[in-house]
Amino acid sequence: MAPRVDHQADLRFMREALAEAVTVLGRTAPNPAVGCVIVKQGRVIARAATAPGGRPHAEPQAIAIAGRRTAGATAYVSFEPCAHFGQTPPCADALIAARIERAVIGCLDPYPPVRGRGVARLRRAGIAVDIGVLEDECRRLNEGFITRVTKRRPFVLLKMAMSLDGRIAAPKPGGWISSEQSRELVHRWRNECDAVMAGAGTVIVDNPRLTCRLKGGRDPVRIVVDAALRTPPQARVYHQRSAAPTVLVTTPENMDRARERYGRKVQLMAVRGSDAGIDIRLLMRDLAASRAISKVLLEGGAHLAASALHARVVDRVAFFVAPIIFGAGIPAIEGLQTSRASHAIRLNNLRARQIGPDWLLEAEPA
Ligand code: AOF
Ligand code: ZN
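The structure presented is a predicted model; accordingly, all values stated were derived computationally and were not measured.

1. Some words on the sheet that holds strand E2 (residues 43-49)
If you trace the five strands from one edge of the open sheet to the other, you get E2-E1-E3-E4-E5, paired in mixed fashion. Among the strands making up the open sheet, the edge pair consists of E2 and strand E5 (128-131). Neighbouring strand axes in the sheet, compared pairwise and without regard to direction, differ in orientation by 15° on average. Of the strand pairs in this sheet, strand E4 (residues 102-107) and E5 are connected by four bridges, and their pairing is parallel. Residue pairing in the sheet places Arg102 in a bridge with Ala128 of E5.

See below:
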């Protein structure tokens, strides 16, 4: 007999599985962040998330916590249980061996050895499977992993803080544009992204640290894109005490000079140039392939933002607009050479929410 389905309960327990996954975001590379909650007779008997470093996966940990009580239980998993023998045996088999009666899955895993096969394996063993509970949230949580697997590059979130008249800096340094609340949200993003990236101009003007200053947070890899080696070696980003490295990206011709100028404290990466400097599409592909970086927080400045938009590697923009007018200074995006509105970069699904005194505008390039 098929188990009784309670949609309200499904939503509630999937939300709990998502909450588990959120706690390990940014810590499970190269694997996705997955949450698993096991429920019996309406009660949660175990919960787990993918371990830091990606293994063990969420499901076997939850099964181990539940022990013998898994027989006849329902497993809520935010991401399709794996079906392949990778570095760990298939989670689908672990659920089958645990005699789970029903599995509720947030979204499918696009990774080719798994895609749809986890579900098929469960169903073949007689487990009732429901797919797509809180699907959008589950996909969004692993948008980094999904983008890396399907597009072979990281998901790129372009974040900028600007005045009401679209400036990201006044002519001279000093003072914040966005509010403390907005800046705290950015630190939450740094905590969850694999890497944070900035261009040479931003490093020169703002001298950012690009670390995560949240309690309990962890630093992303810091990436500075500096084709011409304009950033000063004493810039703060090169002198952080951090578990994560700073990576300086420059052209192959500049590698020797970079080694001399910045020493051993930074990791160097050579990426072939386009006419304007670094080929940003190549850079992104390389970050995904060589470092398993799934999600990049691109924090400007104006030129790097323009080349990322131009190269069509930006997946979402997040613009913090502050109630302040400059009438001078650096525009948010510079160098696209759009000659008329019909040639502009269009975005879909523009939405706004208030963050303290600022507004956060988010949209996806079409
Ligand atoms: C799950 N549960 O918690 C995670 C999964 O190399 P392996 O054996 O660790 O397998 C890696 C793949 O497993 C990864 O690419 C992704 O498709 C999936 N991740 N699967 O059932 C989990 N993190
Ligand atoms: Zn697995």
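2. Examining the sheet that holds strand E8 (residues 195-199)
Taking strand neighbours across the sheet as the criterion, the nine strands line up as E11-E10-E9-E8-E14-E6-E15-E18-E17 in an open arrangement whose pairing is mixed. Here the strands that pair on one side only, and so sit at the sheet edges, are strand E11 (267-270) and strand E17 (347-355). Mean inter-strand twist for the sheet, computed between neighbouring axes without regard to direction, equals 20°. Here strand E6 (residues 155-163) runs beside strand E14 (residues 295-298); their pairing, made up of four bridges, is parallel. Opposite Leu157, over in E14, you have Leu297 as the bridge partner. Seen against the sheet, helix H6 (residues 143-151) touches E6, E14 and strand E15 (316-322) and runs at an angle of roughly 125° to E6. Packing against the sheet, helix H11 (residues 302-310) makes contact with E6, E8, strand E9 (221-225), E14, E15 and strand E18 (358-365), and its axis sits at approximately 140° to E6.

3. Here we look at the coordination of the zinc ion (ligand 2)
Ligation of the zinc ion (ligand 2) by protein atoms is provided by His57 (ND1), Cys82 (SG) and Cys91 (SG), these donors lying 2.0 to 2.2 Å from the ion. Taken together, the four donor atoms coordinating the zinc ion (ligand 2) span angles of 97 to 116° at the metal, a pattern that classifies the geometry as tetrahedral. Each donor residue of the zinc ion (ligand 2) lies on the same chain, and together they follow the pattern H-x24-C-x8-C. On the criterion of sequence distance, the pair formed by His57 in the loop between E2 and helix H2 (58-66) and Cys91 in helix H3 (residues 91-97) is long-range, its members being 34 residues apart.

4. What about the nonpolar core?
Met14, Ile38, Tyr76, Ile100 and Leu122 are the most contacted members of the largest nonpolar core, which has 46 residues in total. At six residues, helix H1 (residues 7-22) tops the list of elements feeding residues into this core. With sequence-adjacent residues up to four places away left out, Ile38 is seen in contact with Arg43, Val44, Ile45, Ala46, Ala62, Ile63, Ala66, Thr70, Ala73, Thr74 and Ile100. Judged by nonpolar contacts, the second largest core, of 35 residues, contains Met162, Met197, Val221 and Leu287.

5. Observations concerning the packing of aromatic side chains
Going through the model one piece at a time under the given rule, you end up with four aromatic pairs. Ring centres 5.3 Å apart and planes at 45° place the aromatic pair Phe13 and Tyr76 in the tilted group. One end of the pair, Phe13, is in helix H1; the other, Tyr76, is in strand E3 (residues 74-79), with 63 residues separating them in the sequence. With respect to burial, Phe13 and Tyr76 carry one shared label: buried. A ring pair is formed by Phe79 and Phe145, whose centres lie 5.8 Å apart and whose planes are at 80°; its orientation type is edge-to-face. Residue Phe79 is located in strand E3, and its partner Phe145 is located in helix H6; the two are separated by 66 residues in the primary sequence. Like Phe145, Phe79 is buried.

6. Looking at the domain arrangement of the protein
Along its sequence, the protein is carved into domain 1 (7-141) and domain 2 (150-365). Taken over C-alpha atoms, the centre of domain 1 sits 34 Å from the centre of domain 2. Contacts between the two partners involve seven residues from domain 1, matched on the other side by eleven residues from domain 2. Between domain 1 and domain 2, roughly 690 Å² of surface is buried when both sides are summed, and carbon and sulfur atoms account for 41% of that area.

7. Section: the site of ligand 1
The immediate surroundings of ligand 1 are formed by 20 residues, with Thr50, Arg55, His57, Ala58 and Asp109 found nearest. Measuring from an oxygen atom of ligand 1, one finds a side-chain N or O atom of Arg55 at 2.4 Å. The contact in question runs from an oxygen atom of ligand 1 to an N or O atom on the side chain of Asp109, over 2.4 Å. Contact with the protein chains removes 95% of the 520 Å² of surface that ligand 1 exposes when unbound. For the shell around ligand 1, a count of residues per class yields nine nonpolar, seven polar and four charged.

8. Brief notes about unusual backbone geometry
Geometrically, the link from Arg55 to Pro56 is a cis peptide bond, its omega value of -5° lying close to zero. For Pro56, the location among the structural elements is in the loop between E2 and H2. Residue Gly300 is joined to Gly301 through a cis peptide bond whose omega torsion reads 5°. Positionally, Gly301 belongs in the loop between E14 and H11. Within the chain, Arg99 stands out as a residue other than glycine whose phi angle is a positive 60°. With respect to the secondary-structure elements, Arg99 resides in the loop between H3 and E4. A positive phi angle is found at Arg152, which is not glycine, with a value near 55°. Examined against the element boundaries, Arg152 turns out to sit in the loop between H6 and E6.

Rules of the game
- All residue numbers here refer to positions counted from 1 along the written sequence of the relevant chain.
- Naming scheme: in the order in which they are written, chains are lettered from A and ligands are numbered from 1.
- Reporting of local features is limited, given that this is a predicted model, to residues whose pLDDT is at least 70; pairs of side-chain atoms are given and counted only at 80 or more, and all residues count toward the totals for whole chains, interfaces and linings.
- Excluded from the side-chain calculations are hydrogens and water; all other atoms, namely the structure's heavy atoms, are used.
- Strands were regarded as paired on the criterion that DSSP finds at least two bridges between them.
- Put simply, DSSP marks the helices as runs of H or I at least four residues long and the strands as runs of E at least two long, and each gets a number from the N terminus on.
- Each axis is a line fitted through C-alpha atoms, and for a helix only the stretch in contact is used; angles between axes span 0 to 180 degrees, taken between their N-to-C directions.
- The contact criterion used is simple: two residues touch if any of their non-hydrogen atoms lie within 4.5 Å.
- Any N, O or S atom lying within 2.8 Å of the metal counts as a donor, with the limit raised to 3.2 Å for Na, K and Ca; because water is left out of the atom set, some sites can appear incomplete.
- In short, tetrahedral needs four donors with all angles between 85 and 135 degrees, square planar needs four and octahedral six donors with opposite donors over 155 degrees apart and all other angles between 65 and 115, and whatever is left is irregular.
- Put simply, a nonpolar core is a bunch of buried Ala, Val, Leu, Ile, Met, Phe, Trp, Tyr and Cys residues held in one set by side-chain atoms that sit within 4.5 Å of each other.
- Accessible area is worked out with a 1.4 Å probe on protein chains only. A residue is then buried under 20% of its type maximum, exposed over 50%, and partly exposed in between.
- Two rings belonging to Phe, Tyr or Trp (six-membered ring only in the last case) form a pair when the distance between their centres is within 6.5 Å. Interplanar angles under 30 degrees mark stacking, angles over 60 mark edge-to-face geometry, and anything in between is tilted.
- An automatic or database domain assignment supplies the residue ranges for each domain.
- Note on terms: buried area is the combined drop in 1.4 Å-probe accessible area of two parts once they are placed together, counting the loss on both.
- Being near a molecule or strand, for a residue, means having at least one of its heavy atoms within 4 Å of it.
- We call two N or O atoms a polar contact when they sit within 3.5 Å, provided that within protein one can donate a hydrogen and the other can accept it, with sequence-adjacent residues counted only if both atoms are side-chain atoms.
- Under the convention used here, a 1.4 Å probe and the Shrake-Rupley method define accessible areas, while residue burial counts only the protein chains that appear.
- Gly is put with the polar residues, along with every residue not named as nonpolar or charged; the nonpolar set is Ala, Val, Leu, Ile, Met, Phe, Trp, Tyr, Cys and Pro, and the charged set is Asp, Glu, Lys and Arg.

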